[in-house]
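Architecture and fold: a report
Each chain, written out:
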Amino acid sequence: MATIFRKFLLALAVLAIGWGEPGMAAANPIGDFFKKVGRSISHWRKSPPPPRPHKKTGTANDSASEETKATPETRMKMAPSPTPTPIDVRPAALAPRSSERRDVPYAVTVPNKPGFVTSPYAPDQGLVDVRAFPSSTEVLDPFTGKIFLTP
């Protein structure tokens, strides 16, 4: 007899839930409370998720600077690009004539800058202006004072 009574109560509960008003299934503060309690019990060993910031609308704080609202990825995009360091450009001088043949290296041309080369002796010092000299001319390196050939 008790099992029939239990089945009847279960069927009655299912019918009451299914045929109830449509708004009855909507979430409410009490229902939210019990959901949170149930989740905390079912996930009792896990750490809680970090709190999410609430979005403010229509307040005076909306005009706050973009940097305070930005994520690290957008801060990198918004960061001003560094200004390039100026490149030292020095003109080359004609090397003194010599009666003997010298074994000197050629300078390296700079891409997209015709007439400018880098010295084979000091490639990181700066650029050498050789626009006034024809190809294969012996010139003095303004950075080291050594002789090289124009390309």
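Residues numbered from 1 in each chain as written. Predicted model: local features only at pLDDT ≥ 70, side-chain atom pairs only at ≥ 80, totals over all residues. Heavy atoms only, no water.

Here we come to the overall build of the chain. Along its length, the chain carries 4 helices and 7 strands. In the chain, the order of α-helices and β-strands from amino to carboxyl end is α-α-α-α-β-β-β-β-β-β-β. The buried share of the chain, reckoned over its 151 residues, is 17%. For the chain, restricting intrachain contacts to residue pairs at least 6 apart in sequence, the fraction spanning at least 24 positions comes to 44%. Accessible surface, the chain: about 13,200 Å² in total, of which carbon and sulfur atoms supply 62%. (Helix = DSSP H or I, 4+ residues; strand = E, 2+ residues; numbered from the N terminus. Buried < 20%, exposed > 50% of the residue type's maximum accessible area, 1.4 Å probe, protein only. Contact = heavy atoms within 4.5 Å. Areas by Shrake-Rupley, 256 points an atom, 1.4 Å probe, with all protein chains shown as cover.)

This paragraph deals with the nonpolar core. Grouped together as the largest cluster of nonpolar side chains are 10 residues: Ala92, Ala107, Val117, Ala122, Val128, Val130, Phe133, Val139, Phe143 and Phe148. Beyond its immediate sequence surroundings of up to four residues, Val117 is in contact with Ala107, Val108, Thr109, Val110, Gly126, Leu127, Val128, Val130, Phe148 and Pro151. (Core = buried A, V, L, I, M, F, W, Y, C linked by side-chain atoms within 4.5 Å.)

A separate point is the environment of Ala95. Inspection of the secondary structure puts Ala95 in the loop between strand E2 (93-94) and strand E3 (108-109). The class for Ala95 is buried, based on a relative accessible area of 10%. The spacing of Ala95 and Lys146 is 51 residues in sequence and 8.9 Å in space, taken between C-alpha atoms. Look past the residues within four positions of Ala95 in its chain and what remains in contact with it is Glu138, Val139, Leu140 and Ile147.

Further remarks concern the sheet that holds E3. Across the sheet, 4 strands lie side by side as E1-E5-E4-E3; this open sheet has mixed pairing. A strand with exactly one partner marks an edge of an open sheet, and here the two such strands are strand E1 (89-91) and E3. The pairing of strand E4 (residues 116-118) with strand E5 (residues 127-129) spans 3 bridges and is antiparallel. Bridging from a neighbouring strand, Val117 pairs with Val128 of E5. (Pairing = 2+ DSSP bridges.)

On to the sheet that holds strand E7 (residues 147-149), then. Across the sheet, 3 strands lie side by side as E2-E6-E7; this open sheet has antiparallel pairing. With partners counted over all chains shown, the strands left at the sheet margins are E2 and E7, one partner each. Strand direction decides the pairing type here: strand E6 (residues 138-140) and E7, joined by 3 bridges, are antiparallel. Each residue of the ladder has a partner; that of Leu140, found in E7, is Ile147.

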